[in-house]
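Overview (structure and organization)
The chain contents come next:
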Amino acid sequence: MPFCMLVNIVWFIAERMVGFTLCEVDIYPIVTSSYVLVAVVSAVVGFIWTKTMASTREGQTGEKKHTIDVNNQSVILDGRPECRGSWLSKPPRYKELKEDPIKELKSIYDILQKGKRLSNNGQCLGTRSGPNREYQWLSYQQVIDKCQELGSGLIQLGLKPNNDTMVGIFSKNRYEWVVTSYGLSFYSMVSVPIYDTLGPDAVTHIVNQSGMEVVVTETDEYANILINKKQDMPSLKMLVMLNTVDEGLKDKARKLGIEIYSFSKVLEMGRHNLKELMLPKVTDVYTISYTSGTTGLPKGVILNMKSIVVMIEAMMQTFRIGGIYLGPDDIHISYLPLAHNYDRGSHIMLLIHGGKIGYWSGDVKKLGEDLVVLKPTIFASAPRLFNRLYDAAFSAVKDSWIKSRLLKCALACKKKDVDKGIFRKDTFWDKLVMSKLQSKLGGNVRMILSGSAPLSPEVVNFLRCSMGCVVVEAYGQTEATAGLTCTLPFDVSVGHVGPPMAGVQLKLVDVPEMGFHVANNTGEICAKCEHLLQGYYKDSVKTSEALDEFGWLHTGDIGTWLPNGALKIIDRKKHIFKLSQGEYIAPEKVEVIYVETRFVLQCYINGDSTKDKPVGVVVPDPDYVTTWAPKNGFPTDMKELCQNQNFKDLVLKEIQRHGTTRQLKGFEQVLDIILDSEPWSVENCLLTPTFKNKRPQLKNKYWNRMQNLYKSWNRNS
């Protein structure tokens, strides 16, 4: 009895030390076992220890003066507040951070040679191909050799080593993808990535527009897409297969005028007849990167090597001022589509510094296992995965009062460090709670990079606290070689995508038809920098729509400048719709907020201009509801659950309540929702390869049912 009272006293003191209530109830009644007692005492000691340690560290990282003031992150250009640039672009104050990478790195070959030198010819590209599914690695020199062999083999097969030769790559991420792309560059040829989830019509469009004769592909499934459309693709003459070649498929292809070779055979041909390198000029085309797009046929973005290296160098300058330097010990896992510039840029960023890149197994269900085995230090991903980590962490402790309190206390205590700019993995709370979460990403991550869509503030703070590392968000487009802005590593504020990167100018322009005006600090984001696209391949009309006469790229995104000089994305220009009262809705803003709730895995919002509120579609999170439902008297079958009116009403009330908490306006809140048990994916063509909603396809799928929601509401009102 006295010891339990002592626990209460210590708990009370700990609450006063950390400055908030650790628990709404007295702890004495729940101390009924030694296990609980040990957990409680450990938590109290941890709070006291962490608070003490934090006080000893205060003034180190927290008071450090940085190159850029977090309260003044961008430079106003020409006296126009709507037009901003980077402090890192202003000489001479930041001249010591400026480098001219183009003088040294003029090609992929130069980049690989630099990585080889920095790593002492260390590990470069890795695949889980060992006897125990461990990663096996190619050294930098082995990668260089294979690139030369691949390029030489293709020349042996008749390709011309010049900048007019285009070769498609139709595969998931694997080391052969990179060897193909880089090997083409060794001989001034152009790689044309093809998303492995594009439909046959889009694939046909890419092959025909680029006039490619050869596609390097992976499986019989992909090969059949190409072979079956051969009559619509007269230029296609050859396939290079990464996997084992089926003889029946060879015969089928040959009858249609397509020869099939194995990847290993092409390497062998090149090895026995190596060609002298014919490196491209920095202004030559390096790649034509077709946009994944949510509407229409993909457009081919023309990029040169100078654009890619300039963009990477600009991002690295942002990292450097935060004390983040990459090196041979850094490891990146490649699982985001290599057809997208996001992961291709991550590759070059690591290779320039002699780092290592490991490839996932190709199965999203095994990604967690890949991460545990590889243990990456740099983790670049899209918000979808981070949202799942957040949801999984809280779902795992929801049924245990103690575990739930420990997680919340751990996050709250570590948040005090994060607010001072302190990121670490060695606190009491890391050992007790966070190490299990950190192990989900391998345990060694020191920087998380998020792109392609906004991260909610709750998830950003969760990642910083739980993973004990820097989390940065970047914003950009394929047309800008991936990056335009990046949050400062030492800026712990949330809800924005940071200032322009070095060499980037951004401005807002009026969109009067949608009610956005520069005078009100809102408008379409336009960009000008050295790493913009050279144009859309064979499409002067679309090029002139994207690039105006003064060289500004019109991004189609709506933004606003925050008081600290950082950019905040409001929504896509094309996605905003008007309600009957004249108010505009930014659906992605609402979707991001609703997805934060426990029941929601995916969300799509749309509306009718004759109605005063939007309606929505929600896909419940199966990981959560399948364990929640039986404990609360609801059916466990997902289809049956989604047809349950009481469950739908519960979800609707929860997302509306959360929307109110997140300060959504009344007209932004959904009137009603549809529940669907089938998650949207890249495979069912409802998500882009970067996991964004394909809005036209979702509208086609749900619009009639969404209209019925309005009709039903009118009948019942």
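Residues numbered from 1 in each chain as written. Predicted model: local features only at pLDDT ≥ 70, side-chain atom pairs only at ≥ 80, totals over all residues. Heavy atoms only, no water.

Regarding the sheet that holds strand 24 (residues 600-606)
Ordered in space as 24-25-26, the 3 strands form an open sheet in which the pairing is mixed. Sheet topology places strand 24 and strand 26 (673-675) at the edges, where each strand pairs with a single neighbour. If you compare each strand with its neighbour and ignore which way they point, the axes differ by 20° on average. Bridge count between strand 25 (residues 615-620) and strand 26: 3 bridges; the pairing is parallel. Note on strand 26: the bridge partner recorded for G616 is I673. (Pairing = 2+ DSSP bridges. Helix = DSSP H or I, 4+ residues; strand = E, 2+ residues; numbered from the N terminus. Axes fitted to C-alpha atoms, helices over the stretch in contact; angles between N-to-C directions.)

Observations regarding unusual backbone geometry
Keep in mind that most residues, glycine aside, have a negative phi and that most peptide bonds are trans. In this structure, T481 is a non-glycine residue whose phi angle is positive, near 60°. Inspection of the secondary structure puts T481 in the loop between strand 16 (470-475) and strand 17 (485-486). Looking at T481, the relative accessible area reads 2%, which means it is buried. Backbone geometry at Q663 places phi at a positive 65°, although glycine is not the residue there. (Buried < 20%, exposed > 50% of the residue type's maximum accessible area, 1.4 Å probe, protein only.)

A look at the packing of helix 14 (residues 383-397) against helix 15 (residues 401-418)
Packing of helix 14 against helix 15 brings their axes to within 7 Å, and their N-to-C directions diverge by 140°. By the angle class used here, helix 14 and helix 15 are oblique. Side by side, helix 14 and helix 15 meet where A393, F394 and V397 of the first sit next to K403, S404, L407 and L411 of the second. (Parallel < 35°, antiparallel > 145°, perpendicular 65-115°, else oblique. Contact = heavy atoms within 4.5 Å.)

A few points about helix 15
For helix 15, built from 18 residues, the straight-helix expectation of 26 Å at 1.5 Å per residue is met to within 8% by its first-to-last C-alpha distance of 25 Å. Buried within helix 15 are the following residues: I402, S404, R405, L406, L407, C409, A410, L411, C413, K414, D417 and V418. (Expected span 1.5 Å × (residues − 1).)

Here's the deal with empty space enclosed by the protein
Applying the stated criterion to the full structure yields 5 cavities of 30 Å³ or more. Size it by volume and the largest cavity reaches roughly 120 Å³. Looking at the largest cavity, it is lined by 15 residues, and the ones nearest its centre are Y286, I308, R344, G345 and I348. Of all the secondary-structure elements, those providing two or more residues to the lining of the largest cavity are helix 6 (175-185), strand 10 (285-290), helix 11 (305-321) and helix 12 (341-352). A breakdown of the residues in the lining of the largest cavity according to their chemical character gives 9 nonpolar, 5 polar and 1 charged. (1 Å grid on protein atoms, 1.4 Å probe; cavity = no way out; pocket = protein on both sides within 12 Å on 5 of 7 lines; lining within 4 Å. Points joined across faces, edges and corners; volume = space filled by probe spheres on them. Nonpolar A, V, L, I, M, F, W, Y, C, P; charged D, E, K, R; others polar.)

Thoughts on the side chain of D557
Inspection of the secondary structure puts D557 in strand 20 (residues 553-561). By relative accessible area, D557 is classed as buried at 7%. Engagement of the side chain of D557 in a polar contact is seen with the side chain of Y475, the distance being 2.6 Å. In contact with D557, other than residues within four places in its own chain, are Y475, Q477, G523, E524, I525, D571, R572 and K573. (Polar contact = N/O pair within 3.5 Å; in protein donor to acceptor, adjacent residues only side chain to side chain.)

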